[in-house]
Amino acid sequence: GDAIDYGSMHGQPLNAPISHIVSTPDGKGYTLVGADGGTFTFGDARFYGSMGGRRLNAPVVDIAPTKDGNGYWLGASDGGIFTFGDASFYGSMGGRHLNDPVVGIAPDFATGGYWEVATDGGIFSFNAPFDGSTGNIHLNEPVNGMTPTADDRGYWFVASDGGIFGEGDAEFQGSMGATKLIAPIVGVATDNTTGG
C-alpha cells in the first residue's frame, strides 16, 4: 500500500533477533525492538532509549507507543515493563508467578496505561480497564499478540492458528481459526478507520 520503507537492520549485525515493530502516529517512521531490548528507529521515529546491553531476566517480546509517539513501553516475556520517553510506569508482572509467558503489550490511549497478554490469553491491566480474558479457557493454540479497539474500550488477541478473541467492545469480524494455514499467525493490528 502506501507504506514507505524508511530503512531496516537488514544485513547489519544484531545481538538478538528483532521481535516487534511499531509505527509513529503519522505513519512516517517506525521503531524496531530486539529480544535483547535494543531499539532501532527509522523515518521520523525518535530514539528514547533501550535495554540493549543490559542484563534482562527474560527476552523483550513487544513494544507499544504512547499516544503522542514521544515514548514507548517494552514488554518482556516474564511480564517486566521498561519505559522510555513519556511512557509512564504503572506496574508489571515482572517478578510474579505467571502460568504462561507474556507475549504482547498494548497501550490504552484513553488512560495512558497498558495491557499485557500471555500465551493462555490471560490479560494483565495497568491503569487500564480489565475487559476480560481467556486465561481460564482451553485454547487450541497459544495467543501471540493483542491490539486495542480504536476507542480503547476493548481489545482483540490472536492465536497462532488465526483464532481471534474479542473483549469489551471488540466485535468479532471473522478469523482464520478454522482455515488451514501454511505458517502460524504472529500478530494482529487494528484498522482504526473501519474498526476491523
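This is a predicted model, so every value here is computed, not measured.

**Student:** What should I look at first to understand the overall build of the protein chain in this one?
**Tutor:** Within the protein chain one finds 0 helices and 12 strands. Start at the N end of the protein chain and walk to the C end: the helices and strands fall as β-β-β-β-β-β-β-β-β-β-β-β. In terms of C-alpha radius of gyration, the protein chain reaches 16 Å, essentially the compact-globule figure of 16 Å for 196 residues. If one aligns the C-alpha atoms of the protein chain with their principal axes, the spans along those axes are about 40 × 40 × 35 Å. Looking at the protein chain residue by residue over its 196 residues, the buried ones come to 44%. For the protein chain, long-range pairs separated by at least 24 residues make up 34% of all intrachain contacts whose partners lie at least 6 apart in sequence. In the protein chain, which carries 8 positive and 22 negative side-chain charges, the distance between the mean positions of the two groups comes to 7 Å.

**Student:** Looking at this model, I keep getting lost on the pairing of strand 3 (residues 39–43). Mind explaining?
**Tutor:** One face of the sheet, then the other: side chains in a regular strand alternate in exactly this way. One ladder, built from 5 bridges, connects strand 2 (residues 29–34) with strand 3; its direction is antiparallel. Paired with Y30 across the two strands is F42, which belongs to strand 3. In this structure, the hairpin formed by strand 2 and strand 3 is closed by a connection of 4 residues, where G37 is found at a positive phi of approximately 85 degrees.

**Student:** Can you help me understand the sheet that holds strand 2 in this one?
**Tutor:** As a general point, the strands of a sheet are linked pairwise by backbone hydrogen bonds and lie either parallel or antiparallel. A sheet is described by the order of its strands in space; here 3 strands give the open sequence 1-2-3, paired in antiparallel fashion. Each edge of the open sheet is held by one strand with a lone partner, namely strand 1 (18–23) and strand 3. On average, adjacent strands in this sheet sit at an angle of 20 degrees to one another, irrespective of strand direction.

**Student:** When you look at the side chain of T31 in this model, what are you seeing that I'm missing?
**Tutor:** Mapped onto the elements, T31 comes out in strand 2. By relative accessible area, T31 is classed as buried at 6%. With sequence-adjacent residues up to four places away left out, T31 is seen in contact with H20, I21, V22, T39, F40, T41, A45 and I63.

**Student:** What exactly am I supposed to notice about the sheet that holds strand 6 (residues 81–85) here?
**Tutor:** Taken in spatial order, the 3 strands line up as 4-5-6 in an open sheet, and their pairing is antiparallel. Edge positions in the open sheet fall to strand 4 (60–65) and strand 6, since each of these has one partner strand only. Ignoring strand direction, the axes of neighbouring strands in this sheet form an average angle of 20 degrees. One ladder, built from 5 bridges, connects strand 5 (residues 71–76) with strand 6; its direction is antiparallel. Opposite Y72, over in strand 6, you have F84 as the bridge partner.

**Student:** Looking at this model, I keep getting lost on the side chain of S77. Mind explaining?
**Tutor:** Relative to the elements of secondary structure, S77 occurs in the loop between strand 5 and strand 6. The buried category is assigned to S77, whose relative accessible area is 17%. Ignoring any residue separated from it by four or fewer positions in sequence, one finds S77 in contact with A58, P59, V61, L98, P101 and V102.

**Student:** Mind showing me how you'd approach the packing of aromatic side chains here?
**Tutor:** Aromatic ring pairs are described here by two measures, namely the spacing of the ring centres and the angle between the planes. Applying the stated criterion to the full structure yields 10 aromatic pairs. The structure contains a cluster of three or more aromatic residues connected by ring pairs, namely W73, Y90, Y114 and F126.

Scoring rules and cut-offs
- Residues numbered from 1 in each chain as written.
- Predicted model: local features only at pLDDT ≥ 70, side-chain atom pairs only at ≥ 80, totals over all residues.
- Heavy atoms only, no water.
- Helix = DSSP H or I, 4+ residues; strand = E, 2+ residues; numbered from the N terminus.
- Rg over C-alpha atoms; globule rule 2.2 N^0.38 Å.
- Buried < 20%, exposed > 50% of the residue type's maximum accessible area, 1.4 Å probe, protein only.
- Contact = heavy atoms within 4.5 Å.
- Lys, Arg positive; Asp, Glu negative; His and termini not counted.
- Charge placed at Lys NZ, Arg CZ, Asp CG, Glu CD.
- Pairing = 2+ DSSP bridges.
- Axes fitted to C-alpha atoms, helices over the stretch in contact; angles between N-to-C directions.
- Phe/Tyr/Trp six-rings, centres within 6.5 Å; stacked < 30°, edge-to-face > 60°.

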